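Okay, here's what each chain looks like letter by letter:
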Amino acid sequence: MITLVRIVFLFLCMVIGRAQNPNQDYVESTETSSFYADSFAYPVFMDNEMHLQGTIGYKFDDKFMIELQNYYDTYRTFDVHKVSLQLKNYVSDKLYFVNGVTMERELDKHGAITAKPRYLMTNGVGYDINSNIMMEVNHDLNFNKSNLGAYGMPSLLSVKSKIKF
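Draft legend 1. Representation of the overall build of the protein in the model. In terms of helices and strands, the protein carries two helices and eight strands. In sequence order, the secondary structure elements of the protein are arranged as α-α-β-β-β-β-β-β-β-β. Classification of the 165 residues of the protein by burial places 23% in the buried group. Taking as baseline every contact in the protein between residues at least 6 positions apart, the subset at least 24 positions apart corresponds to 37%.

Draft legend 2. View of the side chain of Gln69. Checked against the element boundaries, Gln69 lands in strand β3 (residues 64-74). Reaching out from Gln69, the side chain makes a polar contact with the side chain of Glu67 at a distance of 2.9 Å. Other than its neighbours up to four places away in sequence, Gln69 contacts Gln53, Gly54, Thr55, Lys82, Val83, Ser84 and Gln86.

Draft legend 3. Fine view of the confidence of the model for the protein. Averaged over all residues, the pLDDT of the protein is 78; the fraction at 70 or higher stands at 76%. Across residues 17-21, where pLDDT falls below 50, the model places zero contacts with residues more than four positions away in sequence or in other chains. Low confidence marks residues 23-30, where pLDDT is under 50. Its contacts with residues over four positions away, or in another chain, come to one contact.

Draft legend 4. Geometry of the packing of aromatic side chains. Within this structure, the stated rule accounts for four aromatic pairs. For the ring pair Tyr58 and Phe60, a centre distance of 5.0 Å and an interplane angle of 80 degrees mean the geometry is edge-to-face. When its relative accessible area of 27% is taken as the criterion, Tyr58 is described as partly exposed. Taking NZ or CZ as reference, Lys82 lies 5.3 Å from the ring centre of Tyr71, over its face.

Draft legend 5. Structural context of the sheet that holds strand β7 (residues 133-142). Spatially, the eight strands line up as an open sheet ordered β1-β2-β3-β4-β5-β6-β7-β8, and their pairing is antiparallel. Only two strands of the sheet have a single neighbouring strand rather than two, namely β1 (35-41) and β8 (155-163). Averaged over all neighbouring strand pairs, the angle between strand axes comes to 20 degrees, with direction disregarded. With nine bridges joining them, strand β2 (residues 51-59) and β3 adopt antiparallel strand pairing. Looking at the pairing, Gly54 lines up with Asn70 of β3.

Draft legend 6. Examining the environment of His110 more closely. Along the chain, His110 falls in the loop between β5 (95-108) and β6 (118-130). What makes His110 exposed here is its relative accessible area of 62%. Here the alpha-carbon distance between His110 and Arg76, two residues 34 residues apart in the chain, equals 9.9 Å. Beyond its immediate chain neighbours, meaning those up to four positions away, His110 contacts Arg76 and Thr77.

Draft legend 7. Structural context of the nonpolar core. Met65, Tyr90, Tyr96, Val98 and Met134 form the largest nonpolar core, which has five residues in total. In this structure, Met134 is in contact with Tyr96, Tyr127, Asp128, Ile129, Lys160, Ser161 and Lys162, ignoring residues within four places of it in sequence.

Draft legend 8. Here's a closer look at the environment of His139. In this structure, His139 sits in strand β7. By relative accessible area, His139 is classed as partly exposed at 31%. His139 sits 17 residues away from Leu156 along the chain, and the two C-alpha atoms are 5.7 Å apart. Setting aside anything within four residues of it in sequence, one finds His139 in contact with Met121, Thr122, Asn123, Ser155, Leu156 and Leu157.

Draft legend 9. Local environment of the pattern of salt bridges. For the structure on display, the rule yields four salt bridges. Between Lys88 and Glu67 there is a salt bridge whose closest N-O contact spans 3.6 Å. Highlighted residues: Lys88 in strand β4 (residues 78-90) and Glu67 in strand β3, separated in sequence by 21 residues. Glu67 gets classed as buried once you look at its relative accessible area, which sits at 7%. Lys160 is the partner of Glu136 in a salt bridge, and the nearest nitrogen-oxygen pair spans 3.5 Å. Here Glu136, found in strand β7, pairs with Lys160, found in strand β8; they are 24 residues apart in sequence, far enough to count as distant. Of the residues examined, Glu136 reaches a relative accessible area of 2% and is grouped as buried.

Rules and cut-offs
- Residues numbered from 1 in each chain as written.
- Predicted model: local features only at pLDDT ≥ 70, side-chain atom pairs only at ≥ 80, totals over all residues.
- Heavy atoms only, no water.
- Helix = DSSP H or I, 4+ residues; strand = E, 2+ residues; numbered from the N terminus.
- Buried < 20%, exposed > 50% of the residue type's maximum accessible area, 1.4 Å probe, protein only.
- Contact = heavy atoms within 4.5 Å.
- Polar contact = N/O pair within 3.5 Å; in protein donor to acceptor, adjacent residues only side chain to side chain.
- pLDDT = per-residue confidence, 0-100.
- Phe/Tyr/Trp six-rings, centres within 6.5 Å; stacked < 30°, edge-to-face > 60°.
- Lys NZ or Arg CZ within 6 Å of the ring centre and 35° of its normal.
- Pairing = 2+ DSSP bridges.
- Axes fitted to C-alpha atoms, helices over the stretch in contact; angles between N-to-C directions.
- Core = buried A, V, L, I, M, F, W, Y, C linked by side-chain atoms within 4.5 Å.
- Salt bridge = Lys/Arg side-chain N within 4 Å of Asp/Glu carboxyl O.

If you want it as structure tokens, here you go:
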């Protein structure tokens, strides 16, 4: 029985590993388009928390692009939904500036009155270390000073990075 389980496990690992290799025809067709999409999600944790992000973008040229980002995070007592519209302007091959607006709202799971949505203005700078790693520093300024749940604040400086694999 254990041998059968090992064989099935190895077979599934090979199938999953093969599924991660992109189809070459698909990659070539997306490189000619100005539209792009990207998304990721963390797994569901023990208390049903889930975190996901999706991005839809359009490249006007090699130096200027616009992105619509959607974040959805679930927690025990509430969910947070964040929609962001950002402009990216590359000043060199790897260095870029970010400007945009964001709306963030809290969705209560238990019928309590939620706080007003937050409206933010984002300014920042980013650097593409290579095609799979980026780092970004952003300053978010809250327009309406709504203290959204436990994470509400009038101003936020954030440092983030993303690794694609």
